[in-house]
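Examination of the molecular architecture
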Amino acid sequence: MVTTRSMEGISLELSEEQKMIRDAARNFAQKEIVPIAAEYDESGEFPLDTIKKMGAMGFMGIEVPEEYGGAGMDTIAYVLAMEEIAKADVSHSTIMSVNNSLYCHGIMTFGTEEQKKKWIVPVASGEKIGAYSLTEPMSGSDAGTMKSRAVLNDAGTHYVINGRKSWVTSGPVADYIVLFTMTEPEKKHKGITAFLIDTSLPGFVRGKKEPKLGIRASATSEIVFESYECPVENVLGQPGEGFKISMVALDAGRIGIASQALGVAEAAYEASVQYARERHAFGQPIGSFQMIQQKIADMKTRIEASRLLIYNAALAKMRSKYTGERYSTEASMAKLFASETAMFVTHAAVQIHGGMGYSKELPIERYFRDAKITEIYEGTSEIQRMVIARNELGLR
Ligand code: CAA
């Protein structure tokens, strides 16, 4: 007989708190996001009302301690909530991910006490929207080669920032941005500095909004700095430390993107199982055909493998709080595998649904369009492979 005692340690048991946030995210996502997702995808409008509600529920700063306006939970809680929100709509989860990881995690790790109070509290609580800006028109994967510049004024009080940044998630609406720009170009990546930007100040201009294949309700744009004066107290970390800060934030971000990939894959998978049971062809449910069964088996297996890689990365991030060890490999493996799974699963889901998979009457085609971005942003699959291989070969 298997007793409760003998089962101890042989399951990945979630805590009550982790189950609570997962269930709260699931209920909210299914009730409030699922009914509006198609409409917002069509219009491309930013879903401010639901994002504000998510903020009030603690989803915009899950790992941020309560004293800084967050929910004070751990990384497992974060990935569970991300998965549930993404399962309803990838756009909502994109906005949530950037707020939580790329914005809040970077400031929580490198910010001073004053900076945490000023820049995190309103964003973790969802009152304000945070963004992260590293990419430029001519520097994407090769992030260390940026052209934008920040120059310290003679009085040493302000940096004057000029340049153009691109592909900024929430760029059209962000109140605050963690910006990476070059302060000492001759030092290459060691000359990049991170700045905390208040977008209401003069010299900050929102550029063109990107028309996109998927995650259409998550607004993305260029941003332009025209002699923007940034006070020296808004430097995040040390001058020249920006590249490292950007990479540390991306390690956290990639776990979030992996979780959103898992969420959309699950949504597509569950719809496919239901359809394979209900749809008949040649006098039988299509699920009785081996060609559909093979798809279902491969979809399910890759989803569960993604989940384990995500938990592995989340636990590595939680351990790194105490050990200080990097978890770049774990984060990149989770993102690589989960995002390629999301593409594999959503592609198979369209095929299983046939014509209905291609129709806007069902969300399947949206899942397929939305999934693609997870293989591109916060480091392409090629970059994730580069990170994993370099770390394994000792080339970092
Ligand atoms: N943590 C801490 N430090 C790190 C690090 C990490 N994860 N990764 C690199 N570093 C440090 C290295 O140790 C090294 O430090 P030293 O100079 O002191 O030795 C320094 O950074 C340079 O490292 P590399 O030589 O490895 O740098 P590289 O130029 O070869 O680039 C890269 C490495 C992994 C390819 C990196 O450029 C990269 O991740 N590129 C992809 C960028 C990306 O993901 N962009 C997406 C932006 S966000 C977005 O998509 C939009 C949005 O709004 C969501």
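Since the model is a prediction, treat every value here as computed from it, not as a measurement.

Rules used throughout
- Residues numbered from 1 in each chain as written.
- Predicted model: local features only at pLDDT ≥ 70, side-chain atom pairs only at ≥ 80, totals over all residues.
- Heavy atoms only, no water.
- Helix = DSSP H or I, 4+ residues; strand = E, 2+ residues; numbered from the N terminus.
- Rg over C-alpha atoms; globule rule 2.2 N^0.38 Å.
- Buried < 20%, exposed > 50% of the residue type's maximum accessible area, 1.4 Å probe, protein only.
- Contact = heavy atoms within 4.5 Å.
- Polar contact = N/O pair within 3.5 Å; in protein donor to acceptor, adjacent residues only side chain to side chain.
- Domains from an automatic or database assignment.
- Buried area = accessible area lost by both parts, 1.4 Å probe.
- Salt bridge = Lys/Arg side-chain N within 4 Å of Asp/Glu carboxyl O.
- Near = heavy atom within 4 Å.
- Areas by Shrake-Rupley, 256 points an atom, 1.4 Å probe, with all protein chains shown as cover.
- Core = buried A, V, L, I, M, F, W, Y, C linked by side-chain atoms within 4.5 Å.
- Axes fitted to C-alpha atoms, helices over the stretch in contact; angles between N-to-C directions.
- Parallel < 35°, antiparallel > 145°, perpendicular 65-115°, else oblique.
- Left-handed = near helix turned anticlockwise from the far one by under 90°.
- Nonpolar A, V, L, I, M, F, W, Y, C, P; charged D, E, K, R; others polar.

1. Some words on the overall build of the protein chain
When you go through the protein chain residue by residue, the secondary structure sums to eleven helices and ten strands. Against the 2.2 N^0.38 benchmark of 21 Å for 396 residues, the protein chain shows a C-alpha radius of gyration of 21 Å, consistent with a compact globule. For the C-alpha atoms alone, the extent of the protein chain along its principal axes is close to 80 × 50 × 45 Å. Scored against the burial criterion, the 396 residues of the protein chain give a buried share of 54%. Relative to all contacts within the protein chain whose residues are 6 or more apart in sequence, the contacts with residues 24 or more apart total 74%.

2. Overview of the side chain of Glu-266
When you line up the elements, Glu-266 lands in helix H6 (residues 242–278). Judged by its relative accessible area of 10%, Glu-266 falls in the buried class. Within the structure, the side chain of Glu-266 is placed 2.8 Å from the side chain of Arg-307, a separation counted as a polar contact. Those residues within four positions of Glu-266 in sequence are excluded, and the remaining contacts are Glu-83, Lys-87, Ile-303 and Arg-307.

3. Description of the domain arrangement of the protein chain
Here the protein chain is partitioned into domain 1 (2–128), domain 2 (131–239) and domain 3 (243–393). A C-alpha centroid distance of 19 Å is found between domain 1 and domain 3. In this complex, domain 1 contributes 29 residues to the contact, which on the side of domain 3 involves 33 residues. Here domain 1 meets domain 3 over a buried area of about 2500 Å², counting both sides, of which 65% is carbon and sulfur.

4. Considerations on the pattern of salt bridges
Within this structure, the stated rule accounts for 23 salt bridges. We note a salt bridge from Glu-340 to Arg-385, for which the minimum N-O separation is 3.0 Å. Of this pair, Glu-340 sits in helix H8 (residues 328–353) while Arg-385 sits in helix H11 (residues 381–393), placing them 45 residues apart in sequence. When its relative accessible area of 27% is taken as the criterion, Glu-340 is described as partly exposed. The partner of Arg-369 in a salt bridge is Glu-365, and the shortest N-O contact between them spans 2.8 Å. Linking Arg-369 with Glu-365, this pair stays in helix H10 (residues 364–372), spanning four residues, or about one helical turn. Take Arg-369: its relative accessible area is 12%, and that puts it in the buried class. The class for Glu-365 is buried, based on a relative accessible area of 11%.

5. A word on the site of the ligand
Lining the immediate surroundings of the ligand are 27 residues, of which Ser-141, His-189, Lys-190, Asp-251 and Arg-390 lie closest. Contact between the ligand and Asp-251: a nitrogen atom at 2.8 Å from a side-chain N or O atom of the residue. When the ligand sits alone it has 1100 Å² of accessible area, and the protein chains cover 77% of it. Mapped by element, the contributors of at least two residues to the shell around the ligand are helix H4 (90–110), strand S3 (158–169), H6 and H11.

6. Describing the side chain of Gln-115
Here Gln-115 lies in helix H5 (residues 113–124). Each residue touching Gln-115, except ones within four places of it in the same chain, is listed here: Ile-107, Phe-110, Ile-120, Leu-196, Glu-233, Asn-234, Val-235 and Leu-236.

7. Some words on the nonpolar core
With 68 residues, the main nonpolar core has Met-54, Phe-59, Ile-62, Ile-85, Met-96, Met-299 and Ile-310 as its most contacted residues. Mapped by element, the contributors of at least two residues to this core are helix H1 (16–43), helix H2 (48–56), helix H3 (75–88), H4, H6, helix H7 (290–323), H8 and H10. Looking at this core, the element that brings in the most residues is H6, giving 14 residues. Mapped onto the domain boundaries, this core takes at least three residues apiece from domain 1 (2–128) and domain 3 (243–393). Look past the residues within four positions of Met-299 in its chain and what remains in contact with it is Tyr-269, Ser-272, Phe-344, Val-345, Ala-348, Ala-349 and Ile-352. Counting 27 residues, the second-largest nonpolar core is a separate cluster that includes Val-64, Tyr-68, Val-123 and Tyr-176.

8. Details of the environment of Pro-137
Position of Pro-137 relative to the elements: it lies in the loop between strand S1 (130–133) and strand S2 (149–152). Placed 29 residues apart in sequence, Pro-137 and Ser-166 show a C-alpha to C-alpha distance of 5.8 Å. What Pro-137 contacts, discounting residues up to four positions off in sequence, is Arg-164, Ser-166 and Glu-222.

9. Observations regarding the packing of H3 against H6
Taken N-terminus to C-terminus, the directions of H3 and H6 make an angle of 45°; their axes are 7 Å apart at the nearest point. Relative to H6, H3 is oriented oblique. In this structure, H3 crosses over H6, and the sense of that crossing is right-handed. Across from Tyr-78, Val-79, Met-82, Glu-83, Ala-86 and Lys-87 in H3, the residues of H6 making contact are Ile-255, Gly-256, Ser-259, Gln-260, Leu-262, Gly-263, Val-264, Glu-266, Ala-267 and Glu-270. Taken together, the residues of the contact of H3 with H6 sort by class into eight nonpolar, four polar and four charged.

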